[in-house]
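Spelled out, the chains give:
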Amino acid sequence: MSIGTRLLLAQTLVLVAAIATAALIAALVGPPLFHEHMLKADHTPDPSERMHVEEAYRTASAISLGLAVLTALALALLVSWYLTRRFQKPLTDLTRAAKEVSSGTYGTRVAAEGAGPELDTLATAFNTMAAKLAHTEDTRRRLLSDLAHELRTPVATLNAHLEGLEDGVREWDDATRTVLVDQVARLARLAQDIDAVSRAEEGRLNVEPSTTTVADVIEAVLRAHRYAFEAKGVELEVTPGPPTVLTVDEARIAQVLTNVLGNALRHTPAAGRVTLAWQTDGAEVAITVTDSGDGISSEQLPHVFERFYRGDTARDREQQGSGIGLTISRAIAEAHGGTLEATSGGPGTGSSFVLTLPLAAPKGHR
């Protein structure tokens, strides 16, 4: 039995109970009151007249009450049927959509209008949930695909060299040892990366704040990166801002800037330029890294901070890294009470990453 039928039957039972109660009360209370008024009248009718008048009252009351009850019941049933049909369709649509989502069809949506504010809110919440599930499923599939790809190369290399050693095709020498060590190290890095991104997304990053300046943090990062920029022929320009004191985990913030600068260097061709600058605004400092490199399309921009996301899957993965540096960087910024955002005008226009940090130490650290 459908929910619409059950609602209609329930409302019908309520109406019948209400009408039966009203009829019983009218039958029990009406005639005695009428009889009492007859006795108080100026003209006292004889018993036969009184009996005839009271019988006429009872008959007229019964007929009028019956017609009124039937009319009210018909109208009430009509209104109940209309309201039931109005609620039944969106509820049926929600039930169908829920079954489709539970079976893995995350693109299912329901109409969110015309059924009242409560059902409209429920439909909107359902659509939001379905969209998030679809996004999560897409991320899961991409994650599994990336992990499979990351594992395939070192495992295949290890397997080929071990089989070569076993068959006597290869000898145990420094070259073979170097290859095996490199591939094992690559697998170890992948395991560490997976653990790091899990800790970042679960909010389990350790932050140990201390007092430092923006200039000191940036200078330490630049010392580690200048040679890489010079080797590639990319100009690294620094535009100093005002003296700014921060209470942050200096190593963690350096990790963020290292990831952002490394990302800028990978995507900027030789003879390009990367600019690093900072400025204060109220209670915040904004550190901006701008490059003249590949740029980011509008389709890719919302995903650059997702784990294992790569804008161009055709690029060499060794060159691009594991794809979690920006994910961890944003988590570090948020653990300090700040933000990390990316902007770009599109392919070929370069991109900018802005790290925003509060000047005062955040009240709580995880």
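Rules behind the numbers
Residues numbered from 1 in each chain as written. Predicted model: local features only at pLDDT ≥ 70, side-chain atom pairs only at ≥ 80, totals over all residues. Heavy atoms only, no water. Helix = DSSP H or I, 4+ residues; strand = E, 2+ residues; numbered from the N terminus. Buried < 20%, exposed > 50% of the residue type's maximum accessible area, 1.4 Å probe, protein only. Contact = heavy atoms within 4.5 Å. Areas by Shrake-Rupley, 256 points an atom, 1.4 Å probe, with all protein chains shown as cover. Axes fitted to C-alpha atoms, helices over the stretch in contact; angles between N-to-C directions. Left-handed = near helix turned anticlockwise from the far one by under 90°. Nonpolar A, V, L, I, M, F, W, Y, C, P; charged D, E, K, R; others polar. Salt bridge = Lys/Arg side-chain N within 4 Å of Asp/Glu carboxyl O. Parallel < 35°, antiparallel > 145°, perpendicular 65-115°, else oblique. Pairing = 2+ DSSP bridges. Expected span 1.5 Å × (residues − 1). Polar contact = N/O pair within 3.5 Å; in protein donor to acceptor, adjacent residues only side chain to side chain.

Caption draft 1: Spotlight on the overall build of the protein. Secondary structure assignment for the protein yields eight helices and seven strands. Residue burial in the protein is summarised as follows: out of 366 residues, 32% are buried. Of all intrachain contacts in the protein linking residues separated by at least 6 positions in sequence, the fraction that spans at least 24 positions is 70%. If you sum the accessible surface of the protein, you get close to 21500 Å²; carbon and sulfur atoms cover 60% of it.

Caption draft 2: Molecular detail of the packing of helix α6 (residues 250-266) against helix α8 (residues 325-335). Relative to each other, α6 and α8 sit at 145 degrees, their axes nearing to 9 Å. The hand of the α6/α8 crossing is left-handed. Listed contacts from α8 to R252, I253, Q255, V256, N259, V260 and N263 of α6 are G325, L326, I328, S329 and I332. Partitioning the contact of α6 with α8 into residue classes produces six nonpolar, five polar and one charged.

Caption draft 3: Spotlight on the pattern of salt bridges. Under the defined criterion, the tally for this structure stands at four salt bridges. A salt bridge links R273 to E235; the nearest nitrogen and oxygen atoms lie 3.4 Å apart. With a gap of 38 residues between them, R273 in strand β4 (residues 273-281) and E235 in strand β2 (residues 235-239) connect regions that are remote in the sequence. Overall, the relative accessible area of 40% leaves E235 in the partly exposed class. R330 serves as the salt-bridge partner of E341, at 3.1 Å between the closest nitrogen and oxygen. With E341 in strand β6 (residues 339-344) and R330 in helix α8, this residue pair connects regions lying eleven residues apart in the sequence. A single salt-bridge network, built from bridges that share partners, covers E235, E237 and R273.

Caption draft 4: Highlighting the packing of helix α5 (residues 214-232) against α6. Between α5 and α6, the shortest axis-to-axis distance is 9 Å and the interhelical angle comes to 25 degrees. Relative to α6, α5 is oriented roughly parallel. Viewed along their axes, α5 and α6 form a crossing whose handedness is right-handed. Every residue of α6 that contacts α5 at D216, V217, I218, V221, L222, H225, A228, F229 and K232 is listed here: E250, I253, A254, L257, T258, L261, G262, L265 and R266. Across the contact of α5 with α6, the residue classes tally to eleven nonpolar, three polar and four charged.

Caption draft 5: The sheet that holds strand β5 (residues 284-291), seen in detail. Spatially, five strands are ordered β2-β4-β5-β7-β6 in an open sheet, and the strand pairing comes out mixed. Of all strands in the sheet, those with a lone pairing partner are β2 and β6, marking the two edges. Between one strand axis and the next, the sheet turns through 15 degrees on average, direction left out of account. Looking at chain direction, β6 and strand β7 (residues 351-358) are connected through six bridges and run antiparallel. In the sheet register, T343 faces β7, and the bridge partner there is S352. This element, α5, spans β2, β4 and β5 of the sheet and lies at about 175 degrees to β4. Across the sheet, α8 is in contact with β6 and β7; its angle to β6 comes to roughly 130 degrees.

Caption draft 6: Geometry of α8. In terms of burial, α8 is largely enclosed, as eight of its eleven residues are buried. All buried positions along α8 are accounted for by L326, T327, I328, S329, A331, I332, A333 and A335. Two residues or fewer past α8, G337 is found with a positive phi of approximately 80 degrees.

Caption draft 7: Structural context of α6. In this model, α6 (17 residues) spans 24 Å end to end at C-alpha, consistent with the 24 Å of a helix rising 1.5 Å per residue. Every buried residue of α6 is accounted for by I253, A254, V256, L257, V260, L261, G262, N263, A264 and L265. Residue D249 occupies the N-cap position of α6, its side-chain oxygen lying 3.2 Å from the main-chain nitrogen of A251.

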